[in-house]
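Chain residues, written in single-letter form:
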Amino acid sequence: MQKFIVTPNEAGQRLDKLLFKYLNLAPRSFIYKMLRKKNITLNHKKCDGSEKTAAGDEVNLWLADETIEKFREIKKFVRVPKHFRVIFEDDDLLAVNKPAGLLSQKAKPEDISVNEEAVSYLLESHAITEKSLEVFKPSVCHRLDRNTSGLLIVGKSLSGLQHMSEVLKERTAKKYYLCLVEGIIQSPKYIHGYLIKDEKTNRAAVSDQPVSGGHHIETFYEPLGNNGRQTLLKVELITGRTHQIRAHLASEGHGIVGDGKYGSERVNDYFRRHYHLKHQLLHSWRMEFDGRCLTAPLWPEFETILRGEHLWSIYGDLRKN
């Protein structure tokens, strides 16, 4: 017989889901059979797997050690170096500044993303253990496009991940981005429309009228200053659809500099030649939620371009606020 105590990161899950993770090689039919036969009990009582677990609950496995070993695989996590910068950390959340080029989540099994780097970082800092990863793996609460830099929130604990997901779902968090766009913008503007995503091309289009399959989007932008050719914008993302800011601004005639999908090839070519720019200048800059205000500074490449294009003083004034 073996037993384990439900930890805070495991609490709130159905018992059967927790058992599927603990006995991760066992057929589900075997686990339900053991529950029916009372070979698995919760707090010394018969259970059927539908019970919601709480921290401190005792799960008893009245099984031979050989059976448990047969159905339990402990995977070794392969650690990777981190490329993000830590902005904030407490027991439940980790806020990082993601560089452009790094995925938020894996697209293919061999990919390395913020998720893998965050878990490696938390293992190195002893915030989590290999054992705790058996039942809960820290994960990003939202996503940024691969070539968008900036603030990204990781759930360190199950409660932190669930709470942050709820905050984002209810839109009680305010999210602000900085971007450099083509053209001159003089006044703040609230824009809304309907975004249609083409899954085959991974490209979005924006309509000002409701369309079949379209999602309503809302964006607010405020010009911070311009150099006569481009404008540095602060953008509030009110709704959060894939490629929303990029496609929405492009539909207004102000594509983001460096954006190969929605921007101007002529403008992009200039920045490639002069600054070797390979991605859009879109940065998740600030997020306000739960009384917190987290800010991710620009990465050096964005800073270099602002200096070279005579827009650095504008950003300098912004950092004082």
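Participant: Break down the overall build of the chain for me, with residues and values.
Facilitator: On a plain count of helices and strands, the chain comes out with nine helices and 14 strands. Overall size of the chain, expressed as C-alpha extent along the three principal axes, is 75 × 45 × 35 Å. With 321 residues in all, the chain has 49% of them scored as buried. Put simply, 64% of the contacts in the chain that link residues at least 6 apart link residues at least 24 apart. Of the roughly 16300 Å² of accessible surface on the chain, 49% is carried by carbon and sulfur atoms. Across the chain, the 49 positively charged side chains and the 41 negatively charged ones have centroids separated by 3 Å.

Participant: So what about helix 4 (residues 114-124)? Which residues, and what values?
Facilitator: Where burial is concerned, most of helix 4 is hidden: ten out of the eleven residues are buried. Of the residues making up helix 4, those classed as buried are Val114, Asn115, Glu116, Glu117, Ala118, Val119, Ser120, Tyr121, Leu122 and Leu123. Tucked inside the fold, the buried residues of helix 4 contact strand 4 (85-89), strand 5 (93-98), strand 6 (139-140) and strand 7 (149-155). Directly beyond the C-terminal end of helix 4, a positive phi value near 65° is found at His126.

Participant: Can you break down the sheet that holds strand 1 (residues 2-5) residue by residue, with the values?
Facilitator: Reading across the sheet, the three strands line up as 1-3-2 and stay open at both edges, with antiparallel pairing between neighbours. The open sheet is flanked by strand 1 and strand 2 (40-42), the only strands paired with a single partner. The mean angle between the axes of side-by-side strands here comes to 15°, regardless of whether they run parallel or antiparallel. With three bridges connecting them, strand 2 and strand 3 (residues 58-61) associate as antiparallel partners. When the bridges of strand 3 are listed, Thr41 appears paired with Asn60.

Participant: Any details on the environment of Leu233? Residues and values, ideally.
Facilitator: Locating Leu233 in the fold gives a position in strand 12 (residues 230-237). Along the primary structure Leu233 and Tyr221 are separated by twelve residues, whereas in three dimensions their C-alpha atoms are 6.5 Å apart.

Participant: Describe the side chain of Thr239, naming the residues involved and giving the relevant values.
Facilitator: Position of Thr239 among the secondary structure elements: in the loop between strand 12 and helix 6 (244-251). A polar side-chain atom of Thr239 sits 2.8 Å from a polar atom in the side chain of Gln244.

Participant: So what's going on with the layout of surface pockets? Residues and values would help.
Facilitator: Its volume calculated, the largest pocket comes out at about 1000 Å³. Secondary-structure elements contributing two or more residues to the lining of the largest pocket are helix 5 (158-169), strand 8 (174-182) and helix 6. The leading source of residues in the lining of the largest pocket is helix 6, at three residues. In the lining of the largest pocket, the residues fall into ten nonpolar, 15 polar and 13 charged. The computed volume of the second largest pocket comes to approximately 440 Å³. Forming the boundary of the second largest pocket are 18 residues, of which Lys75, Phe77, Leu133, Glu134 and Lys137 lie nearest the centre. Broken down by element, the residue count for the lining of the second largest pocket peaks at three residues, all from helix 4.

Participant: An account of unusual backbone geometry is requested, with residue identities and associated values reported.
Facilitator: Among all residues except glycine, the phi angle is most often negative; among peptide bonds, the trans geometry is most common. Despite not being glycine, Arg171 has its phi angle at roughly 60°, a positive value. As for its position among the elements, Arg171 is in the loop between helix 5 and strand 8. A positive phi is found at Asp290, a non-glycine position, where the angle reads about 50°. By the element assignment, Asp290 lies in the loop between strand 13 (282-289) and strand 14 (292-295). What makes Asp290 partly exposed here is its relative accessible area of 47%.

Analysis parameters
- Residues numbered from 1 in each chain as written.
- Predicted model: local features only at pLDDT ≥ 70, side-chain atom pairs only at ≥ 80, totals over all residues.
- Heavy atoms only, no water.
- Helix = DSSP H or I, 4+ residues; strand = E, 2+ residues; numbered from the N terminus.
- Buried < 20%, exposed > 50% of the residue type's maximum accessible area, 1.4 Å probe, protein only.
- Contact = heavy atoms within 4.5 Å.
- Areas by Shrake-Rupley, 256 points an atom, 1.4 Å probe, with all protein chains shown as cover.
- Lys, Arg positive; Asp, Glu negative; His and termini not counted.
- Charge placed at Lys NZ, Arg CZ, Asp CG, Glu CD.
- Pairing = 2+ DSSP bridges.
- Axes fitted to C-alpha atoms, helices over the stretch in contact; angles between N-to-C directions.
- Polar contact = N/O pair within 3.5 Å; in protein donor to acceptor, adjacent residues only side chain to side chain.
- 1 Å grid on protein atoms, 1.4 Å probe; cavity = no way out; pocket = protein on both sides within 12 Å on 5 of 7 lines; lining within 4 Å.
- Points joined across faces, edges and corners; volume = space filled by probe spheres on them.
- Nonpolar A, V, L, I, M, F, W, Y, C, P; charged D, E, K, R; others polar.

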